[in-house]
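So you can see what is in the structure, the chains are spelled out below.
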Amino acid sequence: MTNDIVSQWPIPKKSKEILIKNGYDYIKKFHGMQLKILFDIGLDWNSIKRIVGILIDNKVKFGYFAPDKSWNDNKWREFIENLVSQGIVSWKDVVLNTLGELNPPQVGTSIASNENFKKQFPKRKTMKEVMKWFYNQNGKCVNCGTRINIEVDHFKSKDEFIKEGKSPDEADTLNNLQLLCKRCNVIKRESHKFGGLSFATAQATLMWIIFYHRPKTYEEFCDLCRRYGLTMASIRFQEAWAMAIWLKKDGKY
Ligand SMILES: [Zn+2]
């Protein structure tokens, strides 16, 4: 547990001074804060990442840029219509990609062929039981409700079984499975402490920033990425920036 008093946090002295000068002297002051404020008061990314880590560890709820909170369906429609009218994607692309993401997960490969499941059922009956379970689900992420990019997830993780001194194989029962979307599944993992700070998947957020904000320089793009809660290594930003460079060649950026 980190100390509640900011002056004792393991961050650079200069960053502490900036925080305290702006009234953030105590952890409680961060409740409900917008992440962007940390940038606006002049903190560097390394300090911000550490501060965000401390806030997450202490379960402090803070806000972040999230267009999906204020965007209605019209706004999203306009956005995609813009991409189509600029010839960046076609309607066919939009439809086929969406359909592809709607396709239910391959439980035949991931569950029915798993030895831990197989040994719970009579020979050659596993697939039938797995499909019965599968059809009994409602096909939506139990966390956010989307039908897009659904995966089968262990309700109680293998790690939790290990922590209780049990075998991780015990997690492999149909009763312990649920449907989660890819994003909710990733965020759930403890190793993804910073997951879920951005409003969409990292890939989608990166492209949303490029197409919506149209940053003029790579530096501006990086800054926006951080402000939207993307915490990954900047190599991912460099790769995503290729989109701006490619579009420039086509006169579309
Ligand atoms: Zn979800």
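Check the entry above for the structure.
The structure displayed is predicted, hence computed values, not measured ones. The numbering scheme is per chain: residues are counted from 1 as the chain's sequence reads. Residue-level local features of this predicted model are given only where pLDDT is at least 70; pairs of side-chain atoms are given and counted only at 80 or more, and the full residue set underlies all totals for whole chains, interfaces and linings. Working from all heavy atoms in the structure, the side-chain values ignore hydrogens and water.

(A) Expanded view of the overall build of the protein chain. Elements are defined by DSSP. Helices are runs of H or I of four residues or more, strands are runs of E of two residues or more, and each kind is numbered from the N terminus. Counting secondary structure elements, the protein chain contains 15 helices and two strands. Based on the C-alpha atoms only, the size of the protein chain along its principal axes is roughly 65 × 50 × 30 Å. Each residue is assigned to one of three classes by its accessible area relative to the maximum for its type, calculated with a 1.4 Å probe on protein chains only: buried under 20%, partly exposed between the two thresholds, exposed over 50%. Expressed as a percentage of the 253 residues in the protein chain, the buried residues total 36%. Each accessible area is a Shrake-Rupley result for a 1.4 Å probe, and residues are judged covered by the shown protein chains and nothing else. Accessible surface, the protein chain: about 15,300 Å² in total, of which carbon and sulfur atoms supply 53%. Working convention for charge: Lys and Arg count positive, Asp and Glu count negative, and His plus the chain ends are omitted. For this purpose, a charge sits on NZ of Lys, CZ of Arg, CG of Asp or CD of Glu. Of the charged side chains in the protein chain, 41 are positive and 28 negative, and the gap between their average positions amounts to 1 Å.

(B) Highlighting the packing of aromatic side chains. What counts as a ring pair is set by centres within 6.5 Å for rings of Phe, Tyr and Trp (its six-membered ring), and what kind of pair is set by the plane angle: stacked under 30 degrees, edge-to-face over 60, tilted for all other angles. For the structure shown, the criterion picks out 16 aromatic pairs. Aromatic pair W133 and F134: ring centres 6.1 Å apart, planes at 15°, arrangement stacked. For the pair W133 and F134, a shared accessibility class is recorded, and that class is buried. Clustering of aromatic rings is evident, with ring pairs tying together W71, W76, F79, F199, W208, Y212 and Y228. Here the guanidinium or amino end of K156 rests over the ring plane of F161, the centre of that ring lying 4.6 Å away. Two limits define a charge over a ring: the Lys NZ or Arg CZ must be within 6 Å of the ring centre, and within 35 degrees of the ring normal.

(C) Examining the side chain of T126 more closely. Among the secondary structure elements, T126 is positioned in helix α9 (residues 126-136). Contacts are assigned to residue pairs that have any heavy atoms within 4.5 Å of one another. T126 has contacts with A112, F117, K118 and F121, leaving out every residue within four places of it along the chain.

(D) The pairing of strand β2 (residues 177-181), seen in detail. Across the five residues that make up β2, a large majority, five, are buried. Neither face of β2 is left uncovered, since the one carrying L177, L179 and C181 and the one carrying Q178 and L180 both have all their residues buried.

The values are spatial; any link to function lies outside them.
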